[in-house]
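# A closer look at the structure
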Amino acid sequence: MDYNTDKQNKYLRAKERVTEIKKFYTSLVGYVFVISMLATVNYYVNEWSNMWFLWAAFGWGIGLLFQAAKAYQWSPFMGKNWEERKLKEFMEEEDKQQWN
């Protein structure tokens, strides 16, 4: 592999990762703003006797956790190491089948 191609590939992967992190932070700011507004409306409507805004916070929060996991490449079960091991395993399997 050419040095420039390798460097360009690294740059593109880094740029993609920065874009994912940027999307996550934008979503996080939106989440804080919207949930704060819902909490304010909830307080003025019924003074916390029924805290319905928590349902929205919980549902959106789960989605935000998945987005954070993707942005920061956190996957305890199928992370980058697992992916690389599986690729290598499948390539070796194919090489064995090719020689048989």
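Residues numbered from 1 in each chain as written. Predicted model: local features only at pLDDT ≥ 70, side-chain atom pairs only at ≥ 80, totals over all residues. Heavy atoms only, no water.

## Considerations on the packing of aromatic side chains
All chains considered together, the criterion is met by six aromatic pairs. A ring pair is formed by Phe24 and Tyr25, whose centres lie 5.4 Å apart and whose planes are at 50 degrees; its orientation type is tilted. When its relative accessible area of 10% is taken as the criterion, Phe24 is described as buried. Tyr25 sits in the partly exposed class, given a relative accessible area of 45%. The structure contains a cluster of three or more aromatic residues connected by ring pairs, namely Tyr43, Tyr44, Trp48 and Phe53. (Phe/Tyr/Trp six-rings, centres within 6.5 Å; stacked < 30°, edge-to-face > 60°. Buried < 20%, exposed > 50% of the residue type's maximum accessible area, 1.4 Å probe, protein only.)

## Some remarks on the environment of Ala56
Mapped onto the secondary structure, Ala56 falls in helix α2 (residues 53–71). Sequence spacing of Ala56 and Ile35 is 21 residues, and the spatial spacing of their C-alpha atoms is 7.4 Å. When sequence neighbours within four positions are dropped, the list of residues in contact with Ala56 reads Ile35, Leu38 and Gly61. (Helix = DSSP H or I, 4+ residues; strand = E, 2+ residues; numbered from the N terminus. Contact = heavy atoms within 4.5 Å.)

## Notes on the environment of Trp48
Following the sequence through the fold, Trp48 ends up in the loop between α1 (3–46) and α2. A residue is classified by how much of its surface remains accessible, and Trp48, at 37% relative accessible area, is partly exposed. If we skip the residues at most four places from it in the chain, Trp48 touches Ala39, Asn42, Tyr43 and Phe53.

## What about unusual backbone geometry?
In this structure, Glu47 is a non-glycine residue whose phi angle is positive, near 45 degrees. Summarising the element assignment, Glu47 is placed in the loop between α1 and α2. A relative accessible area of 58% means that Glu47 is categorised as exposed.

## Overview of the confidence of the model for the protein
Overall, the prediction assigns the protein a mean pLDDT of 89, with 92% of residues at 70 or greater. Of all helices and strands in the protein, the one with the weakest mean pLDDT is helix α3 (residues 80–99) (80), whereas α2 scores best (95). (pLDDT = per-residue confidence, 0-100.)

## Concerning α2
Across its 19 residues, α2 extends 26 Å between first and last C-alpha, which sits within 8% of the 27 Å expected from 1.5 Å per residue. Turning to α2, its buried residues number three or more, namely Phe53, Ala57, Gly61, Leu64, Ala68, Ala69 and Ala71. Considering only its buried residues, α2 is in contact with α1. Phi turns positive one or two residues past the end of α2, at Gln73, with a value near 50 degrees. (Expected span 1.5 Å × (residues − 1).)

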